[in-house]
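# A closer look at the structure
Spelled out, the chains give:
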Amino acid sequence: MLTGSKTTFKVRQMLPDIKERMLSQSGMNARSRDVFGLRCLPGECVLQRAVMVRKKLSAREGRGWLSGTLFCTHFRVAFVPQDSPKPDDNADPVLLGDHDVALASIEKVVVVGPNRTKLVTPNSSLKFTPEELVLYCRDMRVICFLFDRLTPDTQVLEMTYTIAKTYQPPKPGSVLSFQNAALGSVEMKQFLSNRRRDSHMNWCESVSDWEQELERCGASGWRVSSVNDRFEMSTSLPRFIVVPQKVLDTELKKSFAHFNEGRIPRWCWRHPRGSDLLRMASFQNNIYYEKDDVRNLEMVLFGCQSSLCVVVELGEELPSPADIQLAHGRLRSLCLGDISTSVSVPDDKWLSSLESTRWLDYARSCLKKASEVACLLRGSHLTVALQEAEDRDMSCVVSSLVQVMCDPHCRTQRGFQGLVQKEWVTAGHRFYSRVNHHRDNDKEEAPVFLLFLDCVWQLLYQFPSRFQLTNDFLLALHDSVHLPLFSSFLANCQRERCKRHQNSGQSYTPVNGWRDTLHSDSSPDPCDPPLPPVWDWALQYSQQRRDAFTQPVPPLPPAQPLLNGNLNTNPDSHRSDAVPGSVFLLSRGTFSCPANLLPWRGSGGSSVYKKSHRRAASSENVPGLERLLKAWALTELPCGLGSSSSSRPQGPLDPYEPLLPLLTGPCMGLWRECYLRGALHAQAFSHPVSANHAHPVERLAREVQQLKDKLAQVSAGTPHSPPPAKVAEPRRSDTNLNQNTNNGTFLFPAQRPQGPAGPRAVPAPTSTNHQTSRGPPPSSAPPTRPAHRDAGGSNKQSFLFGDLSAREQQQVHYYAATSNAKLPKGSGSSMAS
Amino acid sequence: MEKQHPAAVGGDGPGPSSSRKPWGSPSCGPSGGGGGGGSETLDSPTGSHVEWCKQLIAATICSQISGPVPSDMASRDSKNLPGLRFGSNAKMFQNKVPLLPGENIQTTVKDVMYICPFSGLVNGVLTVTDYKLYFVRVERESPFILDVNLGVISRLEKISVPNQGENTRGLELVCKDMRSHRFAYKTEESPLDLVPLLTGLAFPLSHSTSLFAFQYKEVFPVDGWKVYDPLAEYKRQGLPNESWTISKVNSTYELCDTYPSVLVIPTNITDEDVKRVAAFRAKHRIPVLSWIHPETQATIVRCSQPLVGPSDRRCKEDERLLQIIMDANAQSHKLAIFDARQCSVAITNKAKDGGFESESFYPNVEMHFLEIPNIHVMRESLRKMKDVLYPTIDEAHWHSAIDQTHWLEYILLILAGAARMADKLESGKTSVVVHCSDGWDRTAQLTSLAMLMLDSHYRTLRGFQVLVEKEWISFGHKFAARVGHGDENHANSERSPLFVQFIDCVWQMTRQFPAAFEFNELFLITVLDHLYSCLFGTFLYNSEQERTAKEVPAETLSLWSYINSQPEDFTNPFYVDYEHHVLYPLVSPRHLELWSSYYARWNPRMRPQVPVHQNLKEILVLRAELQRRVEELQREASSSHSLSSSHSSPSPTHAAGTPLHTVV
């Protein structure tokens, strides 16, 4: 606790009116950003402060309460725990601390008095002194602050009023002032403009990005076309699209007109068995066409495959954006309860109410569709084209889910970010309208992306060890969607983003004033920085939080950068009996050879089509395709006792075997860590024992990391002393291994140059260090443990892993290999430090 | 390496596998494949799959097992996996029925159809032993095994089988563990009539024969009967002390025939008074100590309802006993009495000569009613749950169907009640007295759960066994009546899944505090499976007196022998001893889950996809390995060079260790 005298002194200091303080802060304090222990962003000013506040910790944070100081700035509500370390002024600015809420994420402010609860609006006045302040956030967090009796009443009231006045009510225009508050200062702009992009992920923006992706997937026969470089062919498509090599740009140009919004079939991904995933909008009807158009279209559609094309219709079985919006609204109100009264659903109706939101139903249908597509792709050498009317909502969901299921790379943090770039951001998912930060068209609002995140979480929940990214990462992404600061989510397509880039002056209000929009149009700041992409996590989260974004242990099959279709080891049965050029439509789980799949066929030009494609034979392929689909049905319901196992996967560790989720009722989980974070309905007895699943695992992982570092340290310290077997071996294998694991971060979030690596270099630190930093009380680690561990140390291994020394040795080799890969890196970092 | 892997002996016959421990497989012998049945095992014989098989095999005595696992897979996986201890595939291929020591084949019926609810008809051979039913599919390519122990059968029914010819009879086995099996067989193939034979074997007590537990002749290296020694347990709690004494008043079960012989009662009460109290309590179940707080001396005391009756009878001795119990705890001048029943039921019980303590007669007593419904409601709830879960699960209305069973609601009530008790005791420092009507159903649930929350000892593998032995078995939870071991009368209203409910509550707690329990889910499922199996003597009979009379410890084996002979399989690798931490589970329906890996495990769609345990164990191995290497390098470094900082001593390595148990 702060000492009384100091506190009151500071309180008095705070009393001068807001404007004056703003001036003083933004003016002279601009360099030293530490204000009363709160580390401010450049230009950020503290509007109000309250001492002796306790923050209620969620179950994940360890429950209980944390005392400290509450701040309200014009950008965020910040909470600084009382014994938090003094901020380092030289570190890069982080927008939000671990306990902070951006004003723009606040949806409602509620205060709890002695015996009542009141919703606070900018105009309301309180007739009582609140005891509790509850912030309901758009990202479904509920943050609860408890005022102490010793907190001065004026501070409590002022704080409440200030938050109520400054948080962003959902109205047009408020977004701008918020963005300015966060990023508008000169320093911040400068800082942002100097910021480098994460080069470890694929941004899917330039030609080389796409070529890299083609290479990664081993997709030969495709090329990157810049036919849409100036967004002339299609406004919503990215500048560069991937099309078959054999199709010339001139031929391509003729196809755009035949598709909704010009969204022609484009390559997304190649399955290692050689099938391609495409996506496209629906056909444009009633358009004059030429003979060549049909041929061109076929060329585009079949891509570099010769055999089969399956068009997967996404419209009917999947929820519409309006459905999703409705379901999400219901889910919100169910999980947060009725906000103003804090009355929640009666306990005995909880599951029924959950069911009636239909949210899980919708997640299930997306996963189901994606599983179907993933199974189709398993059969080699066919083209699967996802078709949706606009190709900007559910096809984003399905195509990216398919890749998460099939491609281990997409289950790493970087890979996933690249995936979102590829299938959502550049592909033209209308984030601007769907997220609707600007509140200009509520009808278009639909959290399609959040549904996708939920689906990914379902996969993560069912296959926890196959992902490198973690629940924390998904949560961080989920929350960032609700912050109107990131270019990734503030435009509907690439074209809009580029436009903003070019003349960003128009879309920005200049710095100097919080809510001061006087100069906004008159004097646009020429060096206004673009909004940062969401992937710049260092801007948003502390190192500690970011460390939790990836799993400490690699998923079993290590990622292989090059696929090259070389997994296509089974002489596939489909290719042989396939007749080139058959098109099937998959809808509601059945295949058909539609007579009028291409809308303009059937009249004049159809004869051409028919001639070239021997359609009569094509129906023979249906059984083959159905078998592929059935393979999925079998894994879901593995009871077809008589069914042959011919279509079985090859090896047990085929990393590209899709993760097919179970979709029955008990298997679909609720993302509690996200939707029930508020947990205000948690019972009264709070006790600081962590209910955090990952916690012991995390600590163990840290310990492993620590040991590795130590190992590196020792081996680095003895470069010329002769344990040659130990030191030389890693060096040698390093070169080989680097080829396989192209990004070294795969095994561990390893090379953390600063942060935890600092104390780790010292041999002294113990696990208690981590505990204080992770939140849960140190009491969970009885210091008496080491003795016990010493005693049991020798026979531990043999106990756990059977009594076979031979096998143990093999394990040794197995792990030696993986850890060797890390050794040189670890040693490098420790030497540097 | 291969010979150490049981599954690796796959090809070479049923010979004794060198690695299989003699006690390896009481639950079921054959097992290489695994799983909900059908061709699923062919699917992907990955390491995870094997692990899962292992879990399932151990977890389910009688499971539908299938699938030849390629023998090479064993060797492929063995580098990652601890050996499968449970039998070998070999026997399966030889069509031999794996037998437990003491088990005998009674009959073999050919040409039997198993009517699988998931995949249709399966043709095979059915073997009946005195312990189990064993069905093997005839077709070798896609093997299918169904292994159902007889103890789990609740009732046998003849069913009609259309379209299978005149001489075909149908048979349905309705099981106690949320499933049913249907068979069709031809009369000419069956040497004996199957139904009477099975009836006799499945319900031995109704036919004056003995339970299989008395024939089971396995030898375990650990004797599970020694797990619970009441005196040692009370000594651990610091008893006797100046206020509480260990009484011999019930040593011959004269005072109360459903109580254990060793009781802890207050020091300041005479045996005469105790007898008078016994007369005033239902079934003579007097207030006795279950647990004492090591610091505050607040106690959990259990008893049955007082026989107040419609005329509000009083008993001076009973009032005085409760007063003494309150006085034994100097921290509080209150005594909290928790009546598990609904308030209205407690009042109606007065008419039946029961009732509850009146606050006017018992000074300083606060009554709390926990509003938990009775055993019949619970039985009905679980029955509804079976309808929801077996054989098919309705996707669209899954959640509302679960809501309608009210099962989770009751779980919530019990957990909330136990948490209230624990809070009263820990925060309020007040002694609590718990009873329901007879003090052997809901009372056992509440006291054992509260003790689990309060005392970290009970969260260990051994401690939990002690808890079950103490609060459930010795204090006379009527296992025989509630489960109906070997009893034909399936409609008996005494049956109720109270113990299942308790284990479910424990599971809910393990979900909320994943690192606080030394045992894992497999342990809980195994306990529940052997609740029905009649393989071990642990859960047989209603009271300690009956068990002593039948010489259960001498004649049968204990479930804990089996478990403690291979504790690593039942251990949570991430157990952290939260010593002196009270665990309060979140009791909100939002934080409870249906235990689908128990209730819905027969559904092949419920196959767990990734065993996290495998990964966790791998990290542990990795840590051990790294630790070893660090030490090795440090030793080398210090011997060859005198280096600066890094090699101070090997001890920092140990100090850096997190308090994680790798083993028991």
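A brief structural summary. Worth saying up front: this structure is predicted, and the values here are computed from it rather than measured.

## Describing unusual backbone geometry
- The step from B:Leu239 to B:Pro240 runs through a cis peptide bond, and the omega angle for that step is 0°.
- Summarising the element assignment, B:Pro240 is placed in the loop between helix 5 (230-236) and strand 9 (244-247).
- With omega at -5°, the peptide bond leading from B:Tyr390 into B:Pro391 counts as cis.
- Tracing the backbone shows B:Pro391 in the loop between helix 9 (375-389) and helix 10 (398-405).
- Phi angles above zero are rare outside glycine, and A:Phe231 is one such case at about 55°.
- Inspection of the secondary structure puts A:Phe231 in the loop between strand 11 (222-225) and strand 12 (241-244).
- Phi at A:Arg358 takes a positive value of approximately 70°, unusual for a residue other than glycine.
- Residue class for A:Arg358 comes out partly exposed when judged on its relative accessible area of 40%.

## Notes on the packing of aromatic side chains
Residue and element names in this part refer to chain A.
- Counted according to the given criterion, the structure contains 58 aromatic pairs over all chains.
- On the numbers, 5.8 Å between centres and 0° between planes, the contact of phenylalanine 416 with phenylalanine 452 is stacked. You can see phenylalanine 416 sitting in helix 13 (residues 413-425) and its partner phenylalanine 452 sitting in helix 15 (residues 448-462), a full 36 residues away along the chain. Pair check on accessibility: phenylalanine 416 and phenylalanine 452 agree, each one buried.

## Considerations on the pattern of salt bridges
Residue and element names in this part refer to chain A.
- For the structure on display, the rule yields 61 salt bridges over all chains.
- The shortest N-O distance in the salt bridge between arginine 239 and aspartate 229 comes to 2.9 Å. Of this pair, arginine 239 sits in the loop between strand 11 and strand 12 while aspartate 229 sits in the loop between strand 11 and strand 12, and the two are ten residues apart along the sequence.
- Residue class for arginine 239 comes out partly exposed when judged on its relative accessible area of 30%.
- A residue is classified by how much of its surface remains accessible, and aspartate 229, at 29% relative accessible area, is partly exposed.
- Here the salt bridges do not stand alone but share partners, grouping Arg263, Arg266, Arg279, Asp391 and Glu423 into one network.

## Describing the sheet that holds strand 13 (residues 335-339) of chain B
All names here are of chain B.
- Ordered by their spatial adjacency, five strands build an open sheet running 11-12-15-13-14, and the pairing between neighbours is mixed. A strand with exactly one partner marks an edge of an open sheet, and here the two such strands are strand 11 (288-292) and strand 14 (365-369). Sheet twist, expressed as the average angle between the axes of neighbouring strands with direction ignored, equals 25°.
- Bridge count between strand 13 and strand 14: five bridges; the pairing is parallel. Considered in strand 14, the bridge of aspartate 339 is made with phenylalanine 369.
- With respect to the sheet, helix 11 (residues 407-426) is in contact with strand 11, strand 12 (299-302), strand 13, strand 14 and strand 15 (431-435), its orientation differing from that of strand 15 by roughly 155°.

## Some words on helix 13 (residues 461-474) of chain B
Residues and elements named next belong to chain B.
- Compared with an ideal rise of 1.5 Å per residue, which puts 14 residues at 20 Å, helix 13 spans 18 Å between its outermost C-alpha atoms and is within 8% of the ideal.
- Taken across its 14 residues, helix 13 has 13 buried, putting it largely inside the fold.
- Once helix 13 ends, the next one or two residues include glycine 476, with phi positive near 75°.

## Remarks on the packing of helix 12 (residues 442-454) of chain B against helix 15 (residues 498-512) of chain B
Residues and elements named next belong to chain B.
- Interaxial distance between helix 12 and helix 15 falls to 10 Å at its minimum, and their mutual angle equals 20°. Compared by their axis directions, helix 12 and helix 15 come out roughly parallel. For the pair helix 12 and helix 15, the sense of crossing is right-handed. Residues Arg442, Gln445, Ser448, Leu449, Leu452 and Met453 of helix 12 form the contact with helix 15, whose participating residues are Leu498, Gln501, Phe502, Cys505, Val506 and Met509.
- Per-class residue counts for the contact of helix 12 with helix 15 are eight nonpolar, three polar and one charged.

Rules behind the numbers
- Just so you know, the residues in each chain are numbered from 1, in the order the chain's sequence is written.
- Chains and ligands are labelled by the order in which they are written, letters from A for the one and numbers from 1 for the other.
- Predicted model: local features are reported for residues with pLDDT of at least 70 only, side-chain atom pairs are reported and counted for 80 or more only, and whole-chain, interface and lining totals are derived from all residues.
- Calculated side-chain values reflect all of the structure's heavy atoms, with hydrogen atoms and water omitted.
- Segments assigned H or I by DSSP are reported as helices when at least four residues long, segments assigned E as strands when at least two residues long, and all are numbered from the N terminus.
- Each residue's exposure class comes from its accessible area (1.4 Å probe, protein chains only) as a fraction of the maximum for that residue type: buried when under 20%, exposed when over 50%, partly exposed otherwise.
- Stacked, edge-to-face and tilted labels apply to pairs of Phe, Tyr and Trp rings (six-membered ring for Trp) whose centres lie within 6.5 Å, assigned for plane angles under 30 degrees, over 60, and everything in between, in that order.
- Definition used for salt bridges: Asp or Glu carboxyl oxygen within 4 Å of a side-chain nitrogen of Lys or Arg.
- Paired strands are those between which DSSP finds at least two bridges.
- Lines are fitted to the C-alpha atoms to define the axes, a helix being fitted only along its stretch in contact, and any angle between axes, read from their N-to-C directions, falls within 0 to 180 degrees.
- Here a residue-residue contact requires only that any non-hydrogen atoms of the pair lie within 4.5 Å.
- By this rule, a helix spans an expected 1.5 Å times one less than how many residues it contains.
- Any angle that falls under 35 degrees is termed roughly parallel, while one over 145 is termed roughly antiparallel, one within 65 to 115 roughly perpendicular, and all others oblique.
- Here a crossing is taken to be left-handed if its near helix is turned anticlockwise relative to the far helix by less than a right angle, and right-handed if that turn runs clockwise.
- Amino acid classes used here: Ala, Val, Leu, Ile, Met, Phe, Trp, Tyr, Cys and Pro are nonpolar; Asp, Glu, Lys and Arg are charged; the rest, including Gly, are polar.

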